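Commentary on secondary and tertiary structure
In case you want the letters, here they are:
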Amino acid sequence: MFPDWLASRAASMPHHCALVANGKNWSYAELDNEASRLARKLAGLGVVRGDRVATLLHNGFAAAILPHALLRLNATLVPLNVRHSDSELAWLLGDASPRLLVAEGRTLQGISVAIQKHPDVRVASIDAEVAISSDAVRLDACDEADVPLNFDHDEDAVLAVIYTSGTTGQPKGAMLTVSNFWWSAIGSALNLGMHADDRWLACLPLFHVGGLSILMRSAIYGITAV
C-alpha cells in the first residue's frame, strides 16, 4: 500500500508551493483541500470505486487536480488528447466506457457528435456554462457527496489509462498503476537528482504519460509543478 502522496505532503510541508497554474500558486495544503472537495463533487455525480472518468482538458489547474481527486475515490483517470477528431473521440469513449467525461470551454464545443454516439456517458464542464446536451452539468455547481475518501492506495490500483497514438492500428489503452508511477518517480530521481526547491515545468500535455508523470513525481518528491 502507498500513502496518498498529496495528503502526505500536505501534512509534512503544508505551506510549500505545490502547483503554479492559471496565474495562481497553490500550497500543498490548498491543493490537498481542493482534491478532496473535487472528489466529493465527482462522487455527487455518481463516480464510485472502479469507475473510469475521461477528461478532455488542456494543461491547467483542472487537469492537474483531477488525478489526485479520482485516486481518492479509487476511480481511474482516462485523459484524452484534445486534438482528437470526432470519430477518434467516439471510438475512444466506446472503448474506455467512462462513467463521466470532464471537458472545458475550449473542448466542449467539439464533442457533441461523439457524445451523441454515447448518450450513456455523462458530461461535466469544469469551467464553462456551455450546454451540449440536456444532461451536461457544471462541475463547480455540483453538490459534494458525504463519502469517505481513500488515502491508502493499493500498488496494483490502476491510476490512469493512457491511450497510445494508434500509428499501427487502433489505439490501445495502457493501464498504469500506482506502483508504475511510484517506481518511475524513484528511477527519475536516481537518474536526474533533485533538490527541495526544484520546480518542474510541465512542458508536455497532461494527457500524455510524460506530462502526467510530472504531476505525480512532483507530489511524490514534494516539489513544485508548473
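Above this note sits the structure.
Since the model is a prediction, treat every value here as computed from it, not as a measurement. (Residues numbered from 1 in each chain as written. Predicted model: local features only at pLDDT ≥ 70, side-chain atom pairs only at ≥ 80, totals over all residues. Heavy atoms only, no water.)

Quick look at the overall build of the protein
Formally: Helix and strand assignments come from DSSP, with helices taken as H or I runs of at least 4 residues and strands as E runs of at least 2, each series counted from the N terminus. Radius of gyration means the value over C-alpha atoms here, while the globule rule gives 2.2 Å times the residue count to the 0.38 power. Exposure categories follow from relative accessible area, calculated using a 1.4 Å probe and restricted to protein chains: below 20% of the type maximum is buried, above 50% is exposed, and the middle band is partly exposed. By the convention used here, residues are in contact when the closest approach between their heavy atoms is within 4.5 Å. Surface exposure here means Shrake-Rupley accessible area, sampled with a 1.4 Å probe, where a residue is shielded only by the protein chains that are shown. Note on charges: Lys and Arg go in the positive column, Asp and Glu in the negative column, and His and the chain ends are not counted at all. Note that the charge is assigned to NZ on lysines, CZ on arginines, CG on aspartates and CD on glutamates.
A tally of helices and strands in the protein yields 8 helices and 13 strands. Its C-alpha radius of gyration of 17 Å places the protein within 12% of the 17 Å reference for a compact globule of 226 residues. Referenced to the eigenvectors of the C-alpha coordinate spread, the extents of the protein come out at roughly 50 × 45 × 35 Å. A total of 226 residues make up the protein; the buried ones form 50% of that total. Taking as baseline every contact in the protein between residues at least 6 positions apart, the subset at least 24 positions apart corresponds to 67%. Within the structure as shown, the protein displays about 10700 Å² of accessible surface, and the carbon and sulfur contribution to it stands at 51%. Of the side-chain charges in the protein, 17 are positive and 23 negative, and the distance between the mean point of each set is 2 Å.

Remarks on the environment of A157
The topology assignment puts A157 in the loop between β9 (152-153) and β10 (158-163). Taking relative accessible area as the criterion, A157 reaches 26% and is therefore assigned partly exposed. Considered as a pair, A157 and L215 are 58 residues apart in the sequence and their alpha carbons are 18 Å apart. When near neighbours in sequence (up to four residues on either side) are disregarded, A157 contacts L176, T177 and V178.

So, the pattern of salt bridges
Filter applied, for reference: Salt bridges are counted wherever a side-chain nitrogen of Lys or Arg sits within 4 Å of a carboxyl oxygen of Asp or Glu.
Applying the stated criterion across every chain yields a total of 5 salt bridges. Ionic pairing is found between R99 and D51, a salt bridge with its closest N-O pair at 2.4 Å. Taken as a pair, R99 in the loop between α4 (86-96) and β6 (100-103) and D51 in the loop between α2 (28-44) and β4 (52-56) lie far apart in primary sequence, 48 residues in all. Salt bridges sharing common partners tie together D4, D32 and R72.

Brief notes about the packing of aromatic side chains
As a reminder of what qualifies: Paired rings are identified among Phe, Tyr and Trp, the last through its six-membered ring, by centres lying within 6.5 Å, and are further divided according to the angle between planes into stacked (under 30 degrees), edge-to-face (over 60) and tilted (the rest).
By the definition in use, this model includes 2 aromatic pairs. Taking 5.1 Å as the distance between ring centres and 45° as the angle between the ring planes, the aromatic pair formed by F2 and W182 counts as tilted. On the criterion of sequence distance, the pair formed by F2 in strand β1 (residues 2-3) and W182 in helix α7 (residues 178-192) is long-range, its members being 180 residues apart. A relative accessible area of 23% means that W182 is categorised as partly exposed.

Describing unusual backbone geometry
Phi at N22 takes a positive value of approximately 55°, unusual for a residue other than glycine. Along the chain, N22 turns up in the loop between β2 (17-21) and β3 (24-27). Overall, the relative accessible area of 61% leaves N22 in the exposed class. Residue S97 is not a glycine yet carries a positive backbone phi of 50°. On the secondary structure map, S97 appears in the loop between α4 and β6.

As for α2
As a reminder of what qualifies: A helix is expected to span 1.5 Å for every residue after the first.
Counted at 1.5 Å a residue, the expected span for α2 with its 17 residues is 24 Å, and the 24 Å between its end C-alpha atoms agrees. Downstream of α2 by a residue or two, G46 has a phi angle that is positive, lying close to 100°.

So, the pairing of β2
Applied cut-off: Only strands that DSSP links by at least two bridges are regarded as paired with each other.
Counting buried residues in β2 gives 5 out of 5 residues, a clear majority hidden from the surface. Pairing between β2 and β3: 4 bridges, direction antiparallel. Among the inter-strand pairings, V20 is bridged to a residue of β3, identified as N25. In textbook terms, the turn of a hairpin is the stretch between consecutive antiparallel strands, and for β2 and β3 this stretch comprises 2 residues, one of which, N22, has a positive phi near 55°.

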